[in-house]
Amino acid sequence: MSEKEIITRLKKIVEPYVQRIEGMANFHEETDFLNDLQINSANLVDVVLDVEDEFDIEIDNDSMEGMLTVGDAKSIIQKKLAS
Amino acid sequence: MDNNFILSQLPYSSPFLFVDKILEVNENSIVGEFTFSPDLDFYKGHFKNNPVTPGVILTECMAQIGVVCLGIYLFNNNGNNGEKQKVSLTSSEVEYLKPVYPGEKVIVSSEKQYFRFNKLKCRVKMKDTEDNLVCQGVIAGMMFQEEAKK
């Protein structure tokens, strides 16, 4: 799966949880879930669960803790898809 | 785990404790009960001369039994023995079907939807003693380890 496709799918997953809509106009690897999109920690859990379903992968606690930006999420998804 | 242990870990006290007893609990579900004493303060104002239990209090009762008590059970059953935990309510979506009057007993049952990354999300139902559905919904909370005082 291409990086572009992963990010496109990710954008669709996070959309319902975003509080700061402006953050979506400029959705790139440095976009930070908490600060740029204002997704709170409870909703970030739902984002991760949706990511698991969408990509058919399992995300462990350590990966979850390192998932602060879109780029972090993309790398984790790539790594899990490859393993 | 002793059901009384769960009750002893609850961070509430009267007049904001809405759990009397845990009837059963396991990894996936919990059942508990509470009787609304006619002396509870909010009946004086909700409503004037017509006491009915407020919906927010029914939600609180469902959250205390269905999410907090189950959360304490799951948290302590997963290797966090002895450490105090805090729970914050993070979302609730509830529909109310039947009024609850002073003195009534309710039975709350909750089914875990998931407990991942310290978030517990449950489908919760409240029934009266005649098995009529009083309210139902989906409630979620996040569990935190209590930090040492600085």
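Residues numbered from 1 in each chain as written. Chains lettered and ligands numbered in written order. Predicted model: local features only at pLDDT ≥ 70, side-chain atom pairs only at ≥ 80, totals over all residues. Heavy atoms only, no water.

Chain B has the name Hydroxymyristoyl-ACP dehydratase in an unreviewed UniProt entry, where Christiangramia sediminis is given as its organism.

The name an unreviewed UniProt entry assigns to chain A is Phosphopantetheine-binding protein, from the organism Christiangramia sediminis.

Draft legend 1. Highlighting the interface of chain B and chain A. The partner chain A presents 12 residues to the seven residues of chain B that form the contact. Taken over both partners, the interface formed by chain B and chain A buries close to 750 Å², and the fraction arising from carbon and sulfur atoms is 64%. Among the residues chain B hides against chain A, the three largest losses belong to B:Arg116, B:Phe117 and B:Lys119. Together they make up 69% of the total. Our enumeration of links across chain B and chain A arrives at two salt bridges. Here B:Arg116 ties to A:Glu52 by a salt bridge, and the two come within 2.9 Å at their closest N and O atoms. Linking chain B to chain A there are five residue pairs in polar contact (both at pLDDT 80 or more). Among the elements of the structure, strand S4 (105–116) and strand S5 (119–128) of chain B are those that each provide at least two residues to the side of chain B that touches chain A. The residue makeup of the side of chain B that touches chain A, split by class, is three nonpolar, one polar and three charged. (Contact = heavy atoms within 4.5 Å. Buried area = accessible area lost by both parts, 1.4 Å probe. Salt bridge = Lys/Arg side-chain N within 4 Å of Asp/Glu carboxyl O. Polar contact = N/O pair within 3.5 Å; in protein donor to acceptor, adjacent residues only side chain to side chain. Helix = DSSP H or I, 4+ residues; strand = E, 2+ residues; numbered from the N terminus. Nonpolar A, V, L, I, M, F, W, Y, C, P; charged D, E, K, R; others polar.)

Draft legend 2. Structural context of unusual backbone geometry. Residues and elements named next belong to chain B. Note that the residue after Ser14, namely Pro15, is joined by a cis bond; omega there is 5°. Considering the arrangement of structural elements, one finds Pro15 in the loop between helix H1 (3–9) and strand S1 (21–25). Between His46 and Phe47 the backbone carries a cis peptide bond, its omega angle lying at -5°. Here Phe47 is to be found in the loop between strand S2 (29–35) and helix H2 (55–77). Within the chain, Asn49 stands out as a residue other than glycine whose phi angle is a positive 55°. Summarising the element assignment, Asn49 is placed in the loop between S2 and H2.

Draft legend 3. Focus on the pairing of S4(B). Residue and element names in this part refer to chain B. Of the strand pairs in this sheet, S2 and S4 are connected by seven bridges, and their pairing is antiparallel. Each bridged residue has a counterpart across the sheet, and for Ile30 the counterpart in S4 is Ser110. In this structure, the hairpin formed by S4 and S5 is closed by a connection of two residues, where Phe117 is found at a positive phi of approximately 50°. (Pairing = 2+ DSSP bridges.)

Draft legend 4. Focus on helix H3 (residues 41–55) of chain A. All names here are of chain A. Its 15 residues give H3 an end-to-end C-alpha distance of 21 Å, which sits within 8% of 21 Å, the value for a rise of 1.5 Å per residue. Within the span of H3, buried status applies to Ala42, Leu44, Val45, Asp46, Val47, Val48, Leu49, Val51, Glu52 and Phe55. Following H3 by one or two positions, Asp56 has its phi on the positive side, about 55°. (Expected span 1.5 Å × (residues − 1). Buried < 20%, exposed > 50% of the residue type's maximum accessible area, 1.4 Å probe, protein only.)

Draft legend 5. Up close: the UniProt feature "domain: Carrier" (unreviewed entry) in chain A. Sequence positions flagged by UniProt for "domain: Carrier" (unreviewed entry) are, in local numbering, residues 4–81 of chain A. With 60% helix and 0% strand, residues 4–81 of chain A has end C-alpha atoms that lie 15 Å from one another. (UniProt positions renumbered as here; feature names shortened; annotations may be inferred.)

Draft legend 6. How the structure looks around the pattern of salt bridges. All chains considered together, the criterion is met by 12 salt bridges over all chains. We note a salt bridge from B:Asp131 to B:Lys127, for which the minimum N-O separation is 3.5 Å. Salt bridges sharing common partners tie together A:Glu3, A:Glu29 and A:Lys74.

Draft legend 7. Structural view of the packing of helix H1 (residues 3–14) of chain A against H3(A). Residue and element names in this part refer to chain A. Look at H1 against H3: their axes get within 10 Å of each other, and the N-to-C directions meet at 135°. The orientation of H1 with respect to H3, classified from their angle, is oblique. As for how H1 packs across H3, the hand of that crossing is right-handed. From H1, Ile6, Arg9, Leu10, Ile13 and Val14 reach across to H3, where they touch Val47, Asp50, Val51, Glu54 and Phe55. Of the residues contributing to the contact of H1 with H3, the split by class is seven nonpolar, no polar and three charged. (Axes fitted to C-alpha atoms, helices over the stretch in contact; angles between N-to-C directions. Parallel < 35°, antiparallel > 145°, perpendicular 65-115°, else oblique. Left-handed = near helix turned anticlockwise from the far one by under 90°.)

Draft legend 8. Region of the structure containing the sheet that holds S5(B). Reading across the sheet, the six strands line up as S1-S2-S4-S5-S6-S3 (chain B) and stay open at both edges, with antiparallel pairing between neighbours. Here the strands that pair on one side only, and so sit at the sheet edges, are S1 and strand S3 (85–96) of chain B. Each adjacent strand pair in this sheet contributes to an overall mean axis angle of 25°, direction not counted. Strands in contact with H3(A) are S3, S4, S5 and strand S6 (133–145) of chain B; relative to S4(B), the strand with the most contacts, it is inclined by about 60°.

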